[in-house]
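# Breakdown of the fold
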Amino acid sequence: MALPNWWQKTIPHEDIRKGKMSEAIFAADLGDVVYGKAPLDYRDASIFFQKTYLTQGLKNLLENVLSRLNGGKGDPVIQLQTPFGGGKTHALLMLYHAVENREKVKHLEVISKLPEPKNAKVVVFVGTQLDPLGGKTPWGEIAHQLGVYKRVEEHDEKRRSPGKEILNEILGDAPVLILMDEIVEYAVKAKDFKEQISAFTQELTETVRSKDNCCLVSTLPSSAPYGEEGEQALGELQRIYGRVETVYTPVEGVEIYEVIRKRLFDDFGDEKTRKEVAQSYFDLYQRLGTDVPSEVKEIEYRERIEHAYPFHPELIDILYERWGSYPTFQRTRGVLRLLAEVIADLYKRQVVSPLIQSSIINLENQTIRREFIKHIGNEYDSVIAADIAGKNANAPRIDREMGSEYEKYKIASGIATSIFLYSFSGAAKKETNLPRVRIALLREGIPHTIVGDAISKLEEELWYFHSEKKQYAFRNQPNLNRVIMDREETIPSERIQEELKESIQKNAGKALEVYLWPESASDIPDNKNLKLAILAPEFSCESEEGKKLASELFEKAGIGFRVYKNTLFILAMEGAQYPILSRALKRFLALAEITSDKELFETLTKESQDELENKLRDAKKEIPFRILNVYRHLALSEKEGLAWKDLGVPTVGMSIISERIKQYLKDQEKILLRITPQYIIDRAFAKDENEKGLRDTYELSLKTPGMPVLENENVLFEAVRDGVRNGFIGVREWSEVYYKQDVSPTLDSVILRGEIAKELKEKEVEVEVEKPSVAYQHEPLPGPKVVKRLTLRAKIPWDKLSEIIKGVIQPLKEKGSEPEITIEIKAETEGEFDRTTLDTKVKETLQQIGKIEHWKEE
């Protein structure tokens with residue numbers, strides 16, 4: 001059964017639900033309460049106690065003070081010393097209302113059981129409220145509130161501490177509670193009489209100790225504000241208070257979780273739900289074993305989840321311990337203000353999650369983003385926009401591209417967000433590791449194995465994400481990825497195409513005769529070799545330009561027609577995939593340039609230098625595979641015309657283009673490495689043909705679209721030898737017939753059907769020529785006629801012209817000089833020849849290739 005979402009089981013405060021939060025609600029100020037200027041939540045004692053979780057520290061403090069004021073046991077001087085925003089002001093407000101407004105809260109159980117001092121007075125001094133130049137001094141303000149200002153008026157005006165005797169007098173005999181806040185800040189501002197402030201503080205603490213119904217509660221920060229003067233003032237006051245004080249800590253341990261949810265929720269879920277959710281997360285961490293920090297597998301952590309619900313303790317801990325170490329953050333106050341915005345955002349969007357974890361904080365929300373940015377600097381706004389949150393940020397883009405769980409749970413965005421929160425602290429620790437990232441991200445439905453893979457993607461694609469020795473953080477300095485991206489932007493598209501062409505040339509191979517990026521039919525010869533034409537990117541298989549060029553290459557060779565169509569194969573890329581290949585080439589070029597740029601290279605860390613070299617090596621190794629994956633469409637000349645074949649995804653490790661194409665053609669039996677004698681008869685012989693020239697048989701496979709092409713002439717020779725040897729076919733060499741015997745055929749040989757060869761062989765009559773005797777000799781027989789010149793005139797069908805070139809002109813040229821050719825053409829039509837055909841096409845073509853000696857029109 002799925003766990004319920006936190007927003008289904010809890011009710012945030014009304015102002016959070018309605019989006020009407022005021023910052024003042026989280027900015028408790030003792031002075032504003034005293035002077036009636038604070039929000040009602042702080043000003044009204046009853047409401048204040050309803051929304052306050054009384055920690056054990058606060059209960060102890062309250063009991064001590066009321067006991068002391070009632071003349072009983074209790075510490076006379078108390079210092080509340082916690083880090084910035086640690087709940088000090090809230091503790092002072094509690095004491096103020098418990099004494100000043102006792103009647104309004106005495107019905108509360110926690111108050112009703114405590115001592116009730118009679119006629120107790122409360123005196124408040126807030127250092128940020130008073131003017132150290134024209135206003136009253138601390139002793140003047142205390143006397144004023146007790147109604148005896150006249151007694152110290154002169155001391156107040158002269159900025160001189162009145163001494164213990166006068167202090168004892170003005171405090172009187174009735175119970176008095178003195179609450180002093182921000183005394184360090186006042187001392188820094190009152191530098192002209194800061195020695196008097198120190199003297200007064202010492203005199204006041206000693207006077208209070210001497211009275212059995214008086215109590216002084218003061219706050220001091222854990223670290224000094226305002227530079228060197230602040231340090232001096234804090235040091236002096238700590239020395240004085242240290243002699244007589246008792247230090248109280250208002251909030252400790254898991255109590256911070258209770259404080260936060262009490263302030264932010266009207267209803268934070270039933271106990272059953274809290275326990276079920278805590279147990280579910282606890283079980284998850286047990287299953288993960290060493291993949292998560294050891295403390296989250298302890299039983300105590302399950303209890304922390306219960307106490308923190310609906311927050312994950314990890315989120316509160318990050319904010320309280322890391323961000324809370326910034327003086328400007330003010331721990332409890334800062335955490336409350338930030339979490340109120342987070343709750344409002346998540347509640348409105350109803351993000352699916354049993355707990356509020358750091359990974360689901362929405363940094364795209366400008367209000368939430370500002371709560372972080374104001375403590376670390378505006379430059380990090382661009383870091384968030386570039387890598388973490390926003391329409392164009394890298395992490396959300398990874399989620400969209402990866403789809404599946406990435407997009408559903410915003411894996412990359414969540415990891416980036418949580419690592420960002422871990423990246424800042426007033427202390428030295430400003431990064432995190434993989435186990436802690438798992439705690440920040442994992443919840444019901446997210447596979448734990450996805451985290452390591454996602455981290456790798458962030459390392460590869462984010463710009464300000466830094467990783468070193470398995471520690472991760474965001475910095476405002478670009479990482480190697482950004483350096484690469486910046487260099488990529490300087491590389492023009494022309495350089496990318498040049499690199500592509502060079503890479504194809506390097507990986508073309510020699511399995512086929514390769515012609516790279518032809519632009520016209522004249523770029524590819526019409527010969528018997530098996531040829532591969534690789535088209536340029538602009539001639540993709542889907543484009544009209546690509547289809548048109550491929551058709552032209554198959555049909556033409558120069559200005560004539562292509563004869564050996566079957567020897568040509570055309571490879572084109574898939575246009576939609578070219579941007580991926582282009583990016584890979586651009587990345588390779590950028591990496592190569594950065595590596596060779598010594599000045600830039602030396603600015604990188606050793607780890608980045610090693611990473612750069614690894615990336616360069618991987619990019620270089622990847623390019624051949626990328627090229628094969630994009631150049632995957634092969635055009636063949638078939639009976640029906642041009643046919644495109646998708647070669648599919650290449651095998652890993654394959655890199656040579658012509659080898660891949662040739663292997664594919666072999667697998668598809670478009671190129672034959674072996675044929676049978678039966679194949680020769682079936683494919684080359686017409687039904688009424690008894691013999692066929694071996695040259696014609698071989699060239700038939702080279703010329704006929706759709707017919708498998710022989711790898712070379714030896715494939716035919718081997719089949720002929722086998723057929724003659726076993727008597728399936730015969731061969732005639734000039735006047736000699738070979739049948740059921742070994743033969744070494746040539747392209748000039750003639751293939752005979754088996755029965756014809758057998759018949760001819762049986763009719764052969766061996767004639768034994770007797771040798772002439774010595775006494776008598778015949779005249780020598782005349783030898784063959786020596787032919788030095790040949791002139792012929794033949795009448796041939798128009799569609800056999802190509803055979804004249806191959807079978808007549810080329811053999812004659814091979815044996816002598818270039819033959820002189822005179823062509824006689826007689827053409828008739830039932831209609832008429834138009835002038836365009838006669839002049840522009842026929843006559844112009846003849847004039848380009850030769851001389852017209854006779855032209856007659858009738």
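Here goes a summary of the coordinates provided. (Residues numbered from 1 in each chain as written. Predicted model: local features only at pLDDT ≥ 70, side-chain atom pairs only at ≥ 80, totals over all residues. Heavy atoms only, no water.)

With that settled, consider the overall build of the protein chain. If you tally the helices and strands in the protein chain, you get 40 helices and 23 strands. Computed over C-alpha atoms, the radius of gyration of the protein chain comes to 48 Å, more than 25% over the 29 Å expected from 2.2 N^0.38 for 858 residues, which places it beyond the range of a compact globule. Each of the three principal axes of the protein chain carries a C-alpha extent, and together these read 170 × 65 × 55 Å. For the protein chain, the residues scored as buried account for 48% of the 858 residues in total. Taking contacts inside the protein chain between residues at least 6 apart in sequence as the whole, the part at least 24 apart equals 69%. About 44900 Å² of surface is accessible on the protein chain, with carbon and sulfur atoms providing 48% of the total. If the 124 positive side-chain charges of the protein chain are averaged to one point and the 142 negative ones to another, these points end up 1 Å apart. (Helix = DSSP H or I, 4+ residues; strand = E, 2+ residues; numbered from the N terminus. Rg over C-alpha atoms; globule rule 2.2 N^0.38 Å. Buried < 20%, exposed > 50% of the residue type's maximum accessible area, 1.4 Å probe, protein only. Contact = heavy atoms within 4.5 Å. Areas by Shrake-Rupley, 256 points an atom, 1.4 Å probe, with all protein chains shown as cover. Lys, Arg positive; Asp, Glu negative; His and termini not counted. Charge placed at Lys NZ, Arg CZ, Asp CG, Glu CD.)

With that out of the way, let us pick up helix α7 (residues 88–100). With 13 residues, α7 should cover 18 Å at 1.5 Å per step; its first-to-last C-alpha distance of 18 Å lies within 8% of that length. With 12 of 13 residues buried, α7 is to be regarded as a mostly interior element. Taken together, the buried positions of α7 are Lys88, Thr89, His90, Ala91, Leu92, Leu93, Met94, Leu95, Tyr96, His97, Ala98 and Val99. (Expected span 1.5 Å × (residues − 1).)

With that settled, the discussion passes to unusual backbone geometry. In this chain, tyrosine 309 is followed by proline 310 through a cis amide linkage whose omega measures 10 degrees. Following the sequence through the fold, proline 310 ends up in the loop between α18 (299–308) and α19 (313–322). For asparagine 119, which is not glycine, the phi dihedral falls at a positive 55 degrees. Positive phi, close to 50 degrees, is recorded for lysine 740, a residue that is not glycine. On the secondary structure map, lysine 740 appears in the loop between β22 (736–738) and β23 (750–753). Exposure remark for lysine 740: the relative accessible area of 55% places this residue in the exposed category.

Let's shift gears to the sheet that holds strand β9 (residues 465–468). Here we have 3 strands laid out as an open sheet, ordered β8-β10-β9, and antiparallel in their pairing. Unpaired on one side and paired on the other, β8 (432–433) and β9 mark the two borders of the sheet. Here β8 runs beside strand β10 (residues 471–474); their pairing, made up of 2 bridges, is antiparallel. Residue asparagine 433 lies in a different strand from β10, and its bridge partner there is glutamine 471. The sheet contacts of helix α25 (residues 411–422) involve β8, β9 and β10, and relative to β10 the element is tilted by about 85 degrees. Contacting β9 and β10, helix α27 (residues 450–461) runs over the sheet at an angle of about 115 degrees to β9. (Pairing = 2+ DSSP bridges. Axes fitted to C-alpha atoms, helices over the stretch in contact; angles between N-to-C directions.)

Attention now moves to the pairing of strand β17 (residues 641–646). Taken together, the 6 bridges between strand β16 (residues 633–638) and β17 define a ladder with antiparallel strand orientation. Pairing of leucine 636 across the sheet is with alanine 643, part of β17. From the end of β16 to the start of β17, which pair antiparallel, there are 2 residues.

Attention now moves to the pairing of β16. Across the 6 residues that make up β16, a large majority, 6, are buried. Pairing analysis gives 3 bridges linking strand β15 (residues 568–572) to β16, with the strands arranged antiparallel. Along β16, the bridge assignment pairs leucine 571 with leucine 634.

Below, the discussion takes up the side chain of threonine 432. Along the chain, threonine 432 turns up in strand β8. Note on threonine 432: relative accessible area 2%, which makes it buried. Here threonine 432 is in contact with Ile419, Tyr422, Val437, Lys470, Gln471 and Tyr472, once residues within four sequence places are set aside.

On to the packing of aromatic side chains, then. All told, the structure shown has 17 aromatic pairs when counted by the stated rule. Pairing phenylalanine 48 with phenylalanine 49 gives two aromatic rings, centres 5.6 Å apart and planes at 90 degrees, and the pair type is edge-to-face. Seen from their ring centres, tryptophan 139 and phenylalanine 193 are 6.4 Å apart, and the 80 degrees between their planes marks the pair as edge-to-face. Of this pair, tryptophan 139 sits in helix α10 (residues 138–145) while phenylalanine 193 sits in the loop between α13 (183–189) and α14 (194–210), placing them 54 residues apart in sequence. When its relative accessible area of 0% is taken as the criterion, tryptophan 139 is described as buried. Residue phenylalanine 193 is classed as buried on the basis of its relative accessible area of 6%. Following the ring pairs from residue to residue traces out a cluster consisting of Trp323, Phe372, Tyr380, Phe420, Phe424, Phe465, Tyr472 and Phe474. The side chain of lysine 136 reaches across the aromatic face of tyrosine 149, ending 5.2 Å from its centre. Between arginine 302 and the ring centre of phenylalanine 282, over which it is positioned, the NZ or CZ distance is 5.1 Å. (Phe/Tyr/Trp six-rings, centres within 6.5 Å; stacked < 30°, edge-to-face > 60°. Lys NZ or Arg CZ within 6 Å of the ring centre and 35° of its normal.)

Glancing now at the sheet that holds β23. Within the open sheet, the 4 strands sit side by side as β19-β23-β21-β22. Their pairing is antiparallel. Edge positions in the sheet fall to β19 (691–693) and β22, since each has one partner strand and no second. If you compare each strand with its neighbour and ignore which way they point, the axes differ by 25 degrees on average. In the sheet, strand β21 (residues 729–733) pairs with β23 via 4 bridges, with the strands oriented antiparallel.

Attention now goes to the pattern of salt bridges. Pairing is possible between side chains of opposite charge, provided their charged atoms come close. In this structure the tally under the stated criterion is 48 salt bridges. Residues aspartate 41 and lysine 51 are paired through a salt bridge, measuring 2.9 Å at the closest nitrogen-oxygen approach. Here the residue aspartate 41 occupies a position in helix α4 (residues 40–43), and lysine 51 occupies one in the loop between α5 (45–50) and α6 (56–69), the gap between them amounting to 10 residues. Note on lysine 51: relative accessible area 26%, which makes it partly exposed. A salt bridge links lysine 703 to glutamate 699; the nearest nitrogen and oxygen atoms lie 3.1 Å apart. Of the two residues, lysine 703 and glutamate 699 are both situated in helix α36 (residues 694–703); the distance of 4 residues between them amounts to about one turn of the helix. You can call glutamate 699 buried: its relative accessible area is 4%. One network of salt bridges, in which partners are shared, links Arg674, Asp722, Arg725 and Asp742. (Salt bridge = Lys/Arg side-chain N within 4 Å of Asp/Glu carboxyl O.)

Along helix α12 (residues 164–171), the residues that are buried comprise Ile166, Leu167, Ile170 and Leu171. The arc that holds the buried residues of α12, viewed along the axis, is 135 degrees, so those residues lie on one side. Those residues of α12 that are buried are in contact with α10, α11 (153–157), β4 (176–181), α14 and β5 (214–219). Immediately downstream of α12, the backbone of glycine 172 shows phi near 70 degrees, a positive value. (Arc of directions from axis to C-beta.)

By secondary structure assignment, the location of threonine 822 is in the loop between α39 (801–815) and α40 (835–849). Threonine 822 sits in the exposed class, given a relative accessible area of 64%. Taking the C-alpha atoms as reference points, threonine 822 and isoleucine 368, 454 residues apart in sequence, are found 91 Å from one another.

Moving on: the packing of helix α29 (residues 493–506) against helix α31 (residues 578–596). Remark: α29 packs on α31, axes separated minimally by 10 Å, with the N-to-C direction vectors making an angle of 95 degrees. With respect to each other, α29 and α31 are oriented roughly perpendicular. On α31, the residues that touch Arg495, Ile496, Gln497, Glu499, Leu500 and Ser503 of α29 are Tyr578, Leu581, Ser582, Leu585, Lys586, Phe588 and Leu589. (Parallel < 35°, antiparallel > 145°, perpendicular 65-115°, else oblique.)

Further remarks concern the environment of leucine 66. By the element assignment, leucine 66 lies in helix α6. Beyond its immediate chain neighbours, meaning those up to four positions away, leucine 66 contacts Val99, Arg102, Leu114, Pro115 and Pro117.

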